[in-house]
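# Structural characterization, general
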Amino acid sequence: MGPVDYLVLEFPGNRMTGEGLALLLDLVERRVIRILDLSFVRKDEDGSVRALQLSDMDGDGELDLAVFDGASSGLLGEDDLQEAAAVLDPGNSAGVLVYENVWAAPLAAALRRSGARMVAAGRIPVEDLLASLEAAEAGSVS
């Protein structure tokens, strides 16, 4: 199995347009990722949180989430959804996506067979990366 990551994607004003869904499906179809769990939560103006069903979000005919129906491995629990909702602003919704990086599984297996082992992993926040690249570029201009 490849590394497993999660994303919490906030939708201000509970507005989900569906933009990006085709790209997500493309990643799945090309076996770059495998969706393990996809859930949605809403944080009301009073701070109360509730889980949303896909059918709750697909009433306008524009946002077709039916393809994700049943995307639940059981890894994502009620506590996880509450934790995800804690970072939301009131009046907003979020999609919580847990996915396997399928592309990395063959590489990881080959490395393990050769005796290698993972001793550290992490992610560089995009903002930090962009700031470092801009600083490096500014330094090379002078």
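Each remark here, short or long, concerns the structure printed above.
Only a predicted model underlies this, so the values are computations on that prediction, with no experimental measurement involved.

Criteria and thresholds
- Within every chain, residues take consecutive numbers counted from 1 along the sequence as written.
- With the structure being a predicted model, the display of local features is reserved for residues of pLDDT at least 70 and the display and counting of side-chain atom pairs for 80 or more, all residues being used for whole-chain, interface and lining totals.
- To get the side-chain values, all heavy atoms of the structure are used, and hydrogens and water are removed first.
- Residues form patches when they are more than 30% accessible in relative terms and have no salt bridge. Like charges link within 9 Å. Nonpolar side chains (Val, Leu, Ile, Met, Phe, Trp, Tyr) link within 5 Å.
- For the accessible areas, the method is Shrake-Rupley and the probe is 1.4 Å, while residue cover comes only from the protein chains on display.
- Here, a salt bridge means any Lys or Arg side-chain nitrogen found within 4 Å of an Asp or Glu carboxyl oxygen.
- We treat Lys and Arg as the positive residues and Asp and Glu as the negative residues; His and chain ends play no part in the count.
- Every charge is mapped onto a representative atom, which is NZ of Lys, CZ of Arg, CG of Asp or CD of Glu.
- Here the term buried applies to any residue with accessible area under 20% of the maximum for its type, exposed to any over 50%, and partly exposed to those in between, with areas from a 1.4 Å probe on protein chains only.
- Labels follow the DSSP assignment, with helices taken as runs of H or I lasting at least four residues and strands as runs of E lasting at least two, numbered in each case from the N terminus.
- In this analysis, strands are considered paired if DSSP registers two or more bridges between them.

## Some details on a negative patch on the surface
A cluster of like negative charges, contributed by E78, D79, D80 and E83, occupies part of the molecular surface. Take D79: its relative accessible area is 66%, and that puts it in the exposed class.

## Overview of the pairing of strand β2 (residues 34-43)
Most of β2 sits out of view: nine of its 10 residues are buried. Taken together, the nine bridges between β2 and strand β4 (residues 92-100) define a ladder with antiparallel strand orientation. Across the sheet, the residue bridging to V41 is A94, located in β4. As paired elements, β2 and strand β3 (residues 49-52) share four bridges and run antiparallel to each other. Within β3, the residue paired with K43 across the bridge is V49.

## A word on the pattern of salt bridges
Taken as a whole, this structure holds three salt bridges when the rule is applied. With a shortest N-O distance of 3.3 Å, R123 and D5 are connected by a salt bridge. Placement of R123 in the loop between α3 (105-113) and α4 (126-141) and of D5 in strand β1 (residues 4-11) is noted, with a sequence separation of 118 residues between them. For E100, the salt bridge is made with R34, and the minimal N-O distance between the two is 2.8 Å. Here E100, found in strand β4, pairs with R34, found in strand β2; they are 66 residues apart in sequence, far enough to count as distant.

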